[in-house]
Amino acid sequence: MKKHLLMAVLPLLSWGCGDATDADNDGVADGIRDPNNVSVVVPSTPKGTVSGQVLGTNLQGLDGVTVAMTIGSQATGKSATTDAAGNFVMTDVPAGAQVLLTFSKSGYATLRATSTVPSAAGTVPINNGNASFGPVTLAQLNSKLVFNVVTPQGRPAAGAKGTLEVDRAGSLILSNYDNTASVLSKVYVEATAGDDGVLTFNGVPSGAELARLNGSYNLWVSPMDANGDGIPETGGFVTSYSGASIVSTSITRVVNLPFARPQNVPLAVEGSNVGSLKAATVFDPLNNLVRPGEPIYLYFNQPVQPGSLLVRLTDEYAKESLSVTATVNAGGYSATINPGSGVVQEGKEYNLFVRAVSAEGGTNFTQTGFFFGGDQASPKAVTIAELRYQEQSQVGTLAATQLNPTEVVYVSFSAPLRPPPGTSVQVFFKTDIDNDTKIGFNSFGEFGNYTNQGFPLTLNEPLFPYVTRTPAEVPVFGIASSQGYSTRYSFIYSGTVALNPSQTELVVAFSKLPTVGTNEAYESIWGQPVSTDLSAVGIATQPAQTPAPAP
């Protein structure tokens, strides 16, 4: 989220000679007291501020709200507490930093939002680049929502389990707010119906508050297995209500659970922690993160035949199958997929193939999805994991032990990244690649020349294994694109000097990308921008293609 900064630039006046210093970083040269004789000093480490105001939905200031800041991918951050008017300010934030703010107060919904401290922070006359959050609005969690759950036979659904999601329990109401940034404020409450079939969700915003925020209540009621035989007697129930509809008809809702056996409905995955497998497919990486050691869950819209479930797992290159087991639960309505011990690793991408057959009419389900190893709550810094070049030939004029012109260099990162639209980061060599005895200056592709004269790094998402033979290797199964996120990028080396790959250092100049808006930043699967240069030494050799062995 960008905020435009209007600054007044004072005339730059100085007396005498020598270099002015500013030890106290106040923007005025040390020792100067006469206002008519001022040397303005640009701070060497420019800082900015982050400020805002937190309100209730009644637009009254909220005091005592904790505002926790995460700066980029740093492990430590800052915090502040709002005053009686709901105001807060945090100073000494690095200019140009991407910040994530979490607003929390007991009895109120939590909101998370991002912004960027303007890069102009630290220019004359003082450090004053400000990223403004606000007003931020939080709903109070002091109400309840009640449902009467009824079985298909018309009886109270005792023991029915439900989950209520309150979507948009808080908001940023600033008119020029950047809609491309991440804002999240949701509340989840679980409940179990009593013997009377009444399902009560406590600690949620009232309909009136949610109506002010233009939010909604989303309800899920699970299928019921009253006798515990593993076969549900009812189907599940999913619906949504707007805050305004709750206000207009303030009555207890009736939920009629359907029969367990749907008619003429294709088998589909209604819920999963891997969004790319769901019928309503979600490709956002935060909805496709699986923590190492965590199972993958599937919830079907009808029971599946237990013996029909087939699951296969590969990495990003789909060269070989990875260890995975799957079990069918709840009478066929759900499945638990467990990757083998140590298979899923932080920052890696995986492909998943699922096939099942419905127990209610034989409908087939086949879906290929993807997911990333990682934890939403623990973003990781991205590094260069590997440099590799594709050897074109082992005979002729090209030396098999050198990086030669026209050969492709692959840059693999420690976690998938998504490039900004229409922009490519530049790669530079820290060596002489044109035999002019100089590194940088006006030399194309050499470190130090940052006038868009490096090698453009382009997305090279693998949909099949590295090619090492003819005919090429085939994937374990046809894998799906992860919609623009990949660990692998590439460029074509076009220097005039053949290089020793084991001693070559590359720099990926993320810091030299345009900084006009957030769309110019490469983004990790955790939603974090990559804005610092990354370098690595040593380029591995991918052998030239050879004929496949005879069968």
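In case you missed it, the structure is sitting above this.
In this text, all values refer to a predicted model and were calculated from it rather than measured experimentally.

Enquirer: Let's hear about the overall build of the protein: which residues, and what values?
Expert: For the protein, the helix and strand inventory stands at two helices and 37 strands. Per element, the accessible surface of the protein, about 26,300 Å² overall, is 51% carbon and sulfur.

Enquirer: Provide a residue-level description of a nonpolar patch on the surface, including the pertinent values.
Expert: Side chains of Tyr188, Trp220 and Val238 sit close together on the surface and give an oily, nonpolar patch of about 320 Å² of accessible area. Position of Trp220 relative to the elements: it lies in strand 14 (residues 216-221).

Enquirer: Help me get a handle on the side chain of Asn301, residues and values and all.
Expert: Tracing the sequence through the fold places Asn301 in the loop between strand 19 (296-300) and strand 20 (310-315). Reaching out from Asn301, the side chain makes a polar contact with the backbone oxygen of Pro266 at a distance of 2.9 Å. Polar contacts involving the side chain of Asn301 include one to the main-chain amide nitrogen of Ala268, which spans 3.0 Å.

Enquirer: How would you explain the packing of aromatic side chains if you had to name every residue and give the values?
Expert: Considering all chains together, one arrives at 18 aromatic pairs under this definition. Their ring planes at 20° and their centres at 5.4 Å tell us that Tyr350 and Phe371 sit as a pair that is stacked. Here Tyr350, found in strand 23 (residues 349-357), pairs with Phe371, found in strand 24 (residues 364-373); they are 21 residues apart in sequence, far enough to count as distant. The two residues Tyr350 and Phe371 agree in class, both being buried. The rings of Phe283, Phe370, Phe372 and Tyr485 are connected pair by pair, giving a single aromatic cluster. Taking the ring centre of Phe447 as reference, the NZ or CZ of Lys430 above it sits at 4.5 Å.

Enquirer: Tell me what's going on with the nonpolar core, and back it up with residues and numbers.
Expert: In terms of nonpolar packing, the biggest core is built from 35 residues, with Phe413, Phe429, Leu457, Phe491, Tyr493, Val508 and Phe510 touching the most fellow members. Taken together, the elements giving at least two residues each to this core come down to strand 24, strand 25 (384-390), strand 26 (408-418), strand 27 (426-429), strand 31 (486-492), strand 32 (505-508) and strand 35 (534-537). Looking at this core, the element that brings in the most residues is strand 26, giving five residues. If near-sequence neighbours (up to four positions away) are discounted, Phe429 is found in contact with Leu403, Ile439, Gly445, Glu446, Phe447, Phe455, Phe491, Tyr493, Leu499, Thr504, Glu505 and Leu506. In terms of nonpolar packing, the next biggest core, distinct from the first, is built from 25 residues, Val187, Ala191, Leu219 and Met224 among them.

Enquirer: Describe the pairing of strand 1 (residues 47-56), listing the residues and the values that go with them.
Expert: Of all 10 residues in strand 1, eight are buried, a share of seventy percent or more. One ladder, built from six bridges, connects strand 1 with strand 4 (residues 87-94); its direction is antiparallel. What sits directly across from Lys47, in strand 4, is Pro94.

Enquirer: Please give an account of the environment of Arg168 that cites residues and values.
Expert: By the secondary structure assignment, Arg168 is in the loop between strand 9 (161-167) and strand 10 (170-172). Exposure remark for Arg168: the relative accessible area of 37% places this residue in the partly exposed category. Along the sequence, Arg168 and Val183 sit 15 residues apart, while their C-alpha atoms lie 9.3 Å from each other. Those residues in contact with Arg168 that sit more than four places away from it in its chain are Ser185, Leu210, Leu213, Asn214 and Gly215. Looking at Arg168, its side chain comes within polar contact range of the main-chain oxygen of Leu213, at 2.5 Å.

Enquirer: Residues and numbers for the pattern of salt bridges, please.
Expert: Where side chains of opposite charge bring their charged atoms close, a pairing between them can arise. Summed over the entire model, instances satisfying the criterion amount to five salt bridges. Ionic pairing is found between Arg418 and Glu523, a salt bridge with its closest N-O pair at 3.2 Å. With Arg418 in strand 26 and Glu523 in strand 33 (residues 522-524), this residue pair connects regions lying 105 residues apart in the sequence. Judged by its relative accessible area of 36%, Arg418 is partly exposed.

What counts and how
- Residues numbered from 1 in each chain as written.
- Predicted model: local features only at pLDDT ≥ 70, side-chain atom pairs only at ≥ 80, totals over all residues.
- Heavy atoms only, no water.
- Helix = DSSP H or I, 4+ residues; strand = E, 2+ residues; numbered from the N terminus.
- Areas by Shrake-Rupley, 256 points an atom, 1.4 Å probe, with all protein chains shown as cover.
- Patch = residues over 30% accessible without salt bridge, like charges linked within 9 Å, V, L, I, M, F, W, Y side chains within 5 Å.
- Salt bridge = Lys/Arg side-chain N within 4 Å of Asp/Glu carboxyl O.
- Polar contact = N/O pair within 3.5 Å; in protein donor to acceptor, adjacent residues only side chain to side chain.
- Phe/Tyr/Trp six-rings, centres within 6.5 Å; stacked < 30°, edge-to-face > 60°.
- Buried < 20%, exposed > 50% of the residue type's maximum accessible area, 1.4 Å probe, protein only.
- Lys NZ or Arg CZ within 6 Å of the ring centre and 35° of its normal.
- Core = buried A, V, L, I, M, F, W, Y, C linked by side-chain atoms within 4.5 Å.
- Contact = heavy atoms within 4.5 Å.
- Pairing = 2+ DSSP bridges.

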